[in-house]
There are 2 protein chains.
Amino acid sequence: MTSIAQLDANSTPQAVRKAAREGSLTGPTSGLASGYVQVNLVILPESQAAGFLRFCQANPKPCPLLAVSEPGARTCTLLGRDLDIARDVPAYRIYRHGHVSDTRTDVAEDWRDDLVTFALGCSFTFEHALISAGLQVRHIDEARNVPMYNTSVPLTPAGGFGGNLVVSMRPFVAADAIRAIQITTRYPQVHGSPVHLGNPSLIGVADLSAPDYGDSVSVGENEVPVFWACGVTPQQVLIDSGIEFAITHSPGHMLVTDIPDNSLALF
Amino acid sequence: MTSIAQLDANSTPQAVRKAAREGSLTGPTSGLASGYVQVNLVILPESQAAGFLRFCQANPKPCPLLAVSEPGARTCTLLGRDLDIARDVPAYRIYRHGHVSDTRTDVAEDWRDDLVTFALGCSFTFEHALISAGLQVRHIDEARNVPMYNTSVPLTPAGGFGGNLVVSMRPFVAADAIRAIQITTRYPQVHGSPVHLGNPSLIGVADLSAPDYGDSVSVGENEVPVFWACGVTPQQVLIDSGIEFAITHSPGHMLVTDIPDNSLALF
């Protein structure tokens, strides 16, 4: 059995998935298998899947679709080889009637033949690109989770789903904010360029120091808060829609794929 | 003789240059020969040229070099065919001992065998790209010159030249500011991406409503001022350096080239 102590940035995606599958990895995946894409998962009954696909298509910034599985399939060759969607994530959330009813390390027993898996890009990929370019990412420097906020920005309703955008925030001095916009523009499949910068109240965020999810981080007087569409958006949308049954990863506990981060760069 | 009344956005670059050469066009070139690159000119004795070339190389954002002529040459095939550098600009400035001593519509009589011409990109090119993308450019909407400001941002001294950066400012709502950063990033040869956004005092600009050059424009409460390196920078540098002899175009009275704006897009 792979011990969690053996996992780090140099681990292969396969080793991380194996540790999750065997139950030795139940914590967050941030920092593991560096250089490989980690994805948000939304798993829905086929009856809801076509609607959710239309919703993602209409809202590509919060819901950038990397792959959609065949109904019932627990594999997805687009994401990786020897991959078990029901066991390779360290922690799952199960939703019933619009509430998170359970958190599990394995959903093999909950699996159904009609479940369709949506893999959505995650900002870890563009954060690696920002750091590679020499930028400082505040929540990483401060060893916190990224601050995330509910906004007043409406999503485009589609397929029976809707709600408001959730954003993540990273503060930068202006020159670095400009550079961060350039770099994240190259990665549309992991939320892409920011959706807002500057005055938070213009998107309905009243207090930067009180995030709705994650942790607060320090913001310097000479810094500009920069806001990106966030992968928490679809989880909030599932709750708001009162979904009868769904499974997602637990925030921060992502599926580690075999896709190299750099392969998602547009140019 | 080409009458100025005949010149407009649909004029060819050749027709605009011919009108300037014949003396019928003595006004600004903004809006003429749409889709073709207009350039800033800096014309220096060969003894200063190598130093100025090093200065441009060290400061590519304010001084993006498109072409450098051979000493004494009044033609430059990189910029256009049938082109006379000494006559094809509607208005020139002559500098003596660090001061603008004359404004001329023709510098053929001032020409010297040792003069080297530097053609620097101009923001007109990226403004066309912004407008094509559906953005509103405030000073154009308000029929004014772009507001420009001296800053406290030091240039990289090189070749005996130095000073502070001059910037132009265009206000946008945040989403359009992000889009403007993406679009201008594609055009490094015409100043490229912005150098600053947000709080003007961080770059030494005390009052947006009091530009050092050009006109003030309205800035909405929900807008972010976005600052680009400006082609006025080298003219200010010539003055600050106390240059013995130089010729430039008169601000706004550019050399219209045969280079299509779109040919300068990186991607």
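It should be noted that the structure appears before, not after, this text.
What counts and what doesn't
- Residues numbered from 1 in each chain as written.
- Chains lettered and ligands numbered in written order.
- Predicted model: local features only at pLDDT ≥ 70, side-chain atom pairs only at ≥ 80, totals over all residues.
- Heavy atoms only, no water.
- Disulfide = S-S within 2.5 Å.
- Buried < 20%, exposed > 50% of the residue type's maximum accessible area, 1.4 Å probe, protein only.
- Pairing = 2+ DSSP bridges.
- Helix = DSSP H or I, 4+ residues; strand = E, 2+ residues; numbered from the N terminus.
- Least-squares fit on C-alpha atoms with pLDDT ≥ 70 in both.
- Contact = heavy atoms within 4.5 Å.
- Buried area = accessible area lost by both parts, 1.4 Å probe.
- Salt bridge = Lys/Arg side-chain N within 4 Å of Asp/Glu carboxyl O.
- Polar contact = N/O pair within 3.5 Å; in protein donor to acceptor, adjacent residues only side chain to side chain.
- Nonpolar A, V, L, I, M, F, W, Y, C, P; charged D, E, K, R; others polar.
- Phe/Tyr/Trp six-rings, centres within 6.5 Å; stacked < 30°, edge-to-face > 60°.

1. Some thoughts on the state of the cysteines
Residue and element names in this part refer to chain A.
Then comes step 1: A full pass over the atoms with the stated rule returns 0 disulfides over all chains.
Then comes step 2: The closest cysteine sulfur to the non-disulfide-bonded C56 is located on C63, 4.5 Å from its own sulfur.
Then comes step 3: Judged by its relative accessible area of 3%, C56 is buried.

2. Overview of the sheet that holds strand β7 (residues 164–173) of chain A
Then comes step 1: Here 4 strands make up an open sheet; going across it, the order is β6-β7-β9-β8 (chain A) and the pairing antiparallel. Two strands bound the open sheet, and with one partner strand each, they are β6 (148–154) and β8 (196–197) of chain A.

3. Examining the sheet that holds strand β8 (residues 196–197) of chain B
Residues and elements named next belong to chain B.
Then comes step 1: Spatially, β6-β7-β9-β8 is the arrangement adopted by the 4 strands of the open sheet, whose pairing is antiparallel. Among the strands making up the open sheet, the edge pair consists of β6 (148–154) and β8.
Then comes step 2: With 7 bridges connecting them, strand β7 (residues 164–173) and strand β9 (residues 223–229) associate as antiparallel partners. In the strand pairing of β9, S168 is matched with W228.

4. Re the relation of the copies chain A and chain B
Then comes step 1: Rotating chain A by 180 degrees about the axis while translating it 0.0 Å along that axis superimposes it on chain B, leaving an RMSD of 0.0 Å. Overall, the copies show the geometry of a two-fold rotation axis. The C-alpha atom lying nearest the rotation axis in chain A is that of Q182 of chain A; the distance is 3.2 Å.

5. Looking at the environment of F161 of chain B
Residue and element names in this part refer to chain B.
Then comes step 1: Among the structural elements, F161 can be located in the loop between β6 and β7.
Then comes step 2: Exposure remark for F161: the relative accessible area of 3% places this residue in the buried category.
Then comes step 3: Between the C-alpha atom of F161 and that of L7, which follows or precedes it by 154 residues, the distance is 37 Å.
Then comes step 4: What F161 contacts, discounting residues up to four positions off in sequence, is L44, Q48, G51, F52, F55, V237, L238, S241 and I243.

6. Observations regarding the interface of chain A and chain B
Then comes step 1: Across the boundary between the two partners, chain A contributes 15 residues, which contact 15 residues of chain B.
Then comes step 2: For the pair chain A and chain B, the summed buried area comes to about 1300 Å², and 75% of that belongs to carbon and sulfur atoms.
Then comes step 3: Among the residues chain A hides against chain B, the three largest losses belong to I178, Q182 and L197 of chain A. Together they make up 37% of the total.
Then comes step 4: Along the contact surface separating chain A from chain B lie 0 salt bridges.
Then comes step 5: Seen at the junction of chain A and chain B, the total is 4 residue pairs in polar contact (both at pLDDT 80 or more).
Then comes step 6: Ranked by residues supplied to the side of chain A that touches chain B, first place goes to helix α5 (residues 174–185) of chain A with 6 residues.
Then comes step 7: Classifying every residue of the side of chain A that touches chain B by side-chain character gives 10 nonpolar, 5 polar and no charged.

7. Some details on the packing of aromatic side chains
All names here are of chain B.
Then comes step 1: In the structure shown here, the tally under the stated rule is 15 aromatic pairs over all chains.
Then comes step 2: Ring geometry for Y149 and F227: centres 6.4 Å apart, planes at 70 degrees, overall edge-to-face. Taken together, the positions of Y149 in strand β6 and F227 in strand β9 put the pair 78 residues apart, joining distant regions of the chain. Both residues of the pair, Y149 and F227, belong to the buried class.

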